[in-house]
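Summary of the model geometry
Okay, here's what each chain looks like letter by letter:
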Amino acid sequence: AQTVTQSQPEMSVQEAETVTLSCTYDTSESDYYLFWYKQPPSRQMILVIRQEAYKQQNATENRFSVNFQKAAKSFSLKISDSQLGDAAMYFCAYRSGDFGNEKLTFGTGTRLTIIP
Amino acid sequence: NAGVTQTPKFQVLKTGQSMTLQCAQDMNHNSMYWYRQDPGMGLRLIYYSASEGTTDKGEVPNGYNVSRLNKREFSLRLESAAPSQTSVYFCASIRTSGKETQYFGPGTRLLVL
């Protein structure tokens, strides 16, 4: 079974600075997807960024980027120019690439605080 | 499009009572999922339905039953609620086309006394 580990329960960063959230995973599969979800106080799960394992290039979405190290099974999220609206819980998630097996395995989350 | 909707938003139950959480999606997605979220635990899969007419157990299925009523609707039933089922419940759906990710509903907060 796949596992996802987020070793930082809480992180804080000054507004406008850069922060990196860590995630490691364990799998024997070669085809899979990785995601970062944001959960603000409203509890809505919002997709931040996705990475396909077969792609070597790291995904980026505006101020959000990932550092995907497939051999090390590491998938960190970098948030640049942090804004107050970035304050939330962040979850790393794994999804198999097998058709019909799209269930997600989540890490335990990192609570990000933005310091004004 | 409303996306994924869940009812109710919040519910208080007494131990032993039963209830059904409703989920519907209007995106013509094939697969639907129920997760629960507990403090410090992330989201854990309860049950899922890969297609209309099929259901499978996830990581934490005990105490729950599900029904995939049609392609749009996937309900979660607690037959005899226990305090350990106090949690936030999320429904999600996906089209099943490779790169897709899951779309989540807004969640149902359940308190069992």
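This section reports on the structure supplied with the text. The structure displayed is predicted, hence computed values, not measured ones.

Focus on the pairing of strand β9 (residues 87-94) of chain B
All names here are of chain B. Most of β9 is tucked away: eight of the eight residues are buried. Judged by which residues are buried, β9 turns out to be covered on both faces: S87, Y89, C91 and S93 on one side and V88, F90, A92 and I94 on the other are all buried. For strand β4 (residues 31-38) and β9, the ladder comprises seven bridges, and the chain directions are antiparallel. What sits directly across from S31, in β9, is I94. In this structure, β9 lies alongside strand β11 (residues 108-112), joined through three bridges in antiparallel fashion. Note on β11: the bridge partner recorded for V88 is R109.

Concerning the sheet that holds strand β8 (residues 74-78) of chain B
Within a sheet, neighbouring strands are paired by backbone hydrogen bonds and run either parallel or antiparallel to one another. Residues and elements named next belong to chain B. Strand order in this open sheet of four strands is β1-β3-β8-β7, and the pairing throughout is antiparallel. Two strands close off the open sheet at either side, each with one partner strand: β1 (4-7) and β7 (65-68). Taken over all neighbouring pairs, the strand axes of this sheet differ in orientation by 15° on average, direction set aside. Two elements, β7 and β8, share four bridges in a ladder whose sense is antiparallel. Residue pairing for β8: R68 is matched across the bridge by F74.

Remarks on the interface of chain B and chain A
Across the contact, 24 residues belong to chain B and 22 residues belong to chain A. Taken together, the two surfaces of chain B and chain A that pack against each other cover about 1,900 Å², and 54% of this comes from carbon and sulfur. Summed over the shared surface of chain B and chain A, the result is zero salt bridges. Where chain B packs against chain A, one counts four residue pairs in polar contact (both at pLDDT 80 or more). Of all the secondary-structure elements, those providing two or more residues to the side of chain B that touches chain A are β4, β5 (42-49) and β9 of chain B. Looking at side-chain class alone, the side of chain B that touches chain A contains twelve nonpolar, nine polar and three charged residues.

Cut-offs used in this document
- Residues numbered from 1 in each chain as written.
- Chains lettered and ligands numbered in written order.
- Predicted model: local features only at pLDDT ≥ 70, side-chain atom pairs only at ≥ 80, totals over all residues.
- Heavy atoms only, no water.
- Buried < 20%, exposed > 50% of the residue type's maximum accessible area, 1.4 Å probe, protein only.
- Helix = DSSP H or I, 4+ residues; strand = E, 2+ residues; numbered from the N terminus.
- Pairing = 2+ DSSP bridges.
- Axes fitted to C-alpha atoms, helices over the stretch in contact; angles between N-to-C directions.
- Contact = heavy atoms within 4.5 Å.
- Buried area = accessible area lost by both parts, 1.4 Å probe.
- Salt bridge = Lys/Arg side-chain N within 4 Å of Asp/Glu carboxyl O.
- Polar contact = N/O pair within 3.5 Å; in protein donor to acceptor, adjacent residues only side chain to side chain.
- Nonpolar A, V, L, I, M, F, W, Y, C, P; charged D, E, K, R; others polar.

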